[in-house]
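# Results of the structural survey
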Amino acid sequence: MTDTIDTSTSSAPSAPSAPAAPARDGFTDRNGASHPFGDRDAETQVRSDDRSHVFHSWSAQAQIDPLPIAAGAGSTFWDYRGNAYLDFSSQLVNLNLGHQHPDLVRAIQEQAGRLATIQPSMANDVRGELARRIARVAPGTLNRVFFTNGGADANEYAVRMARRVTGRRKVLSMYRSYHGGTSTAISLTGDPRRWANEPSDGSVAHFFGPYLYRSAFHSTTPQEETQRALEHLENVIVLEGAATVAAIIIETVVGTNGVLVPPPGYLAGVRELCDRYGIVYIADEVMVGFGRIGEWFAVDAFDVVPDLITFAKGVNSGYVPLGGVVISDRIADFFDDVPFQGGLTYSGHPLACAAGVATFEVFERDGILERVRDLGSRVIEPEITSWLDTHPSLGEVRGRGLFWALELVRDRETREPFVPFNATGADAAPMGAVAAACKAAGVWPFTHFNRMHIAPPLVIEEAELRRGLAAIDDALTVADGYVR
Ligand SMILES: Cc1ncc(COP(=O)(O)O)c(C=O)c1O
């Protein structure tokens, strides 16, 4: 357990443009008027409008009670009663530069004052600058960018490009994956969110990716897992008909479904299989692109160059919706004389792109990638690894940069998950109790099935990070109480 916070020895570069969240005693309404926390009228109005008129994602509408949020700054947000939460989930793992980053807010305000919108068939300065900056940090010959409104449509369009270029239709994707909520993207998804949307696109087939802790291949080492997972993938390609497979789409580090870091050689093997069978390799970096694991694009950590990379979330922290596909020259050139059949009214929206350009400036000025790697390896990894000695409910910890999973179990020997796969209601209650303990201690966690993920904003101060980890350490004693 971390019971002292010593920042004096910190060598982490600070993030000067994202000030620590100020002590707050109130919030500002949309007319600029200030209110003290505890203003029940304001909270009641927000809750009432929400419950009466807002239809929420992925939910039985009568069974939810969304928390009204009054304010956010840096790595913290506040409810209307003044409860502060350290955002260890970066909202939906999109808020890489934290709440209300002054540079991003200013960029959006300035762009709104200059040119708030312009349609995509015209050229625009911030759209072009953002595409140029993305191309500069993308690997290989990925030099052109098709902008979308978010991650799901980025995957839709990447698949559409792959199908058009190869003249094939089938796409292979992993079990334990999430690729988005729209029709192709949900078909690709390898988690229970797909089930209610079936029959989905029949030209998608799923395969098992590497996951050594629960190996589908009975592997005992990372090397075995790589070799067997690649053999399995090749079998799937052959049995599905290699000549029918347009693309393989893989989250470079699987996100919501477990922070599954690929073992050495796996992604290089995927690249090799794609080359051998003429298949387009799509890297879904919607969650891990733009710094989450300390790289611009996560593929850089594994020395592979895909044909297409999809991104969203961290490109501008979601201040204005934005996603896209980074396209290799080979695929982009195909469309030199063949029209690309796809588009969006808001493709490359100037407000979103202005926030994207500002994101690049902040990353470069404040050494964001370096601080992510430093905080991950110096602070998080040793701390949570030490919990394996003190918390019997912890089966495995894994991750990289500012992206980690704590995999909870009922029994370390059998690896029985802490709650069943896709648990709901009473079955999920133990995980709810652990999450509630975190929230009571002022940390907003990300939980999924039997895992808690650690994914704070990349600008989190070291002291905040240590405070949040200490709260999770304490909360895990709740989980230990369920161990058999
Ligand atoms: C890996 C991955 N791909 C795609 C998506 C879908 O992105 P969006 O919700 O912006 O459509 C997500 C969202 O969480 C994601 O994590």
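Residues numbered from 1 in each chain as written. Predicted model: local features only at pLDDT ≥ 70, side-chain atom pairs only at ≥ 80, totals over all residues. Heavy atoms only, no water.

- Going by an unreviewed UniProt entry, the protein chain carries the name Aminotransferase and comes from Leifsonia poae.
- Of the protein chain, the UniProt comment under Sequence similarities (unreviewed entry) reads exactly: "Belongs to the class-III pyridoxal-phosphate-dependent aminotransferase family." (UniProt positions renumbered as here; feature names shortened; annotations may be inferred.)

## What about the environment of Asp125?
- By the secondary structure assignment, Asp125 is in helix α4 (residues 125–137).
- Given the relative accessible area of 45%, Asp125 is considered partly exposed. (Helix = DSSP H or I, 4+ residues; strand = E, 2+ residues; numbered from the N terminus. Buried < 20%, exposed > 50% of the residue type's maximum accessible area, 1.4 Å probe, protein only.)

## Focus on the pattern of salt bridges
- This structure, assessed with the given rule, holds 32 salt bridges.
- Lys170 is the partner of Glu240 in a salt bridge, and the nearest nitrogen-oxygen pair spans 2.9 Å. Placement of the pair is Glu240 in helix α7 (residues 222–240) and Lys170 in strand β7 (residues 170–174), with a sequence separation of 70 residues.
- Residue class for Glu240 comes out partly exposed when judged on its relative accessible area of 29%.
- On the accessibility criterion, Lys170 (16% relative accessible area) is buried.
- Two residues, Asp307 and Arg271, come together in a salt bridge whose shortest N-O distance is 3.0 Å. Note that Asp307 is positioned in the loop between β10 (280–284) and β11 (308–311) and Arg271 in helix α8 (residues 266–277), a separation of 36 residues in sequence.
- Take Asp307: its relative accessible area is 7%, and that puts it in the buried class. (Salt bridge = Lys/Arg side-chain N within 4 Å of Asp/Glu carboxyl O.)

## As for the site of the ligand
- Taken together, Gly150, Gly151, Ala152, Asn155, Tyr178, His179, Gly180, Glu251, Asp284, Val286, Met287 and Lys313 make up the full set of residues adjacent to the ligand.
- Tyr178 is positioned with one of its backbone polar atoms (N or O) 3.4 Å from a nitrogen atom of the ligand.
- A distance of 2.9 Å separates an oxygen atom of the ligand from a polar atom in the side chain of Lys313.
- Per-element tally for the shell around the ligand: the top contributor is helix α5 (residues 151–166), with three residues.
- For the shell around the ligand, the class distribution of residues is four nonpolar, five polar and three charged. (Near = heavy atom within 4 Å. Polar contact = N/O pair within 3.5 Å; in protein donor to acceptor, adjacent residues only side chain to side chain. Nonpolar A, V, L, I, M, F, W, Y, C, P; charged D, E, K, R; others polar.)

## Things to note about the sheet that holds β10
- With respect to topology, seven strands assemble into an open sheet ordered β6-β12-β11-β10-β9-β7-β8, the strand pairing being mixed. With one partner strand each, in any of the chains shown, β6 (142–148) and β8 (204–207) form the two edges of the open sheet. Neighbour-to-neighbour, the strand axes of the sheet open up by a mean angle of 20 degrees, direction not taken into account.
- Relative to β10, strand β9 (residues 245–251) runs parallel, the two being bridged by five bridges. Each residue of the ladder has a partner; that of Ala247, found in β10, is Val280. (Pairing = 2+ DSSP bridges. Axes fitted to C-alpha atoms, helices over the stretch in contact; angles between N-to-C directions.)

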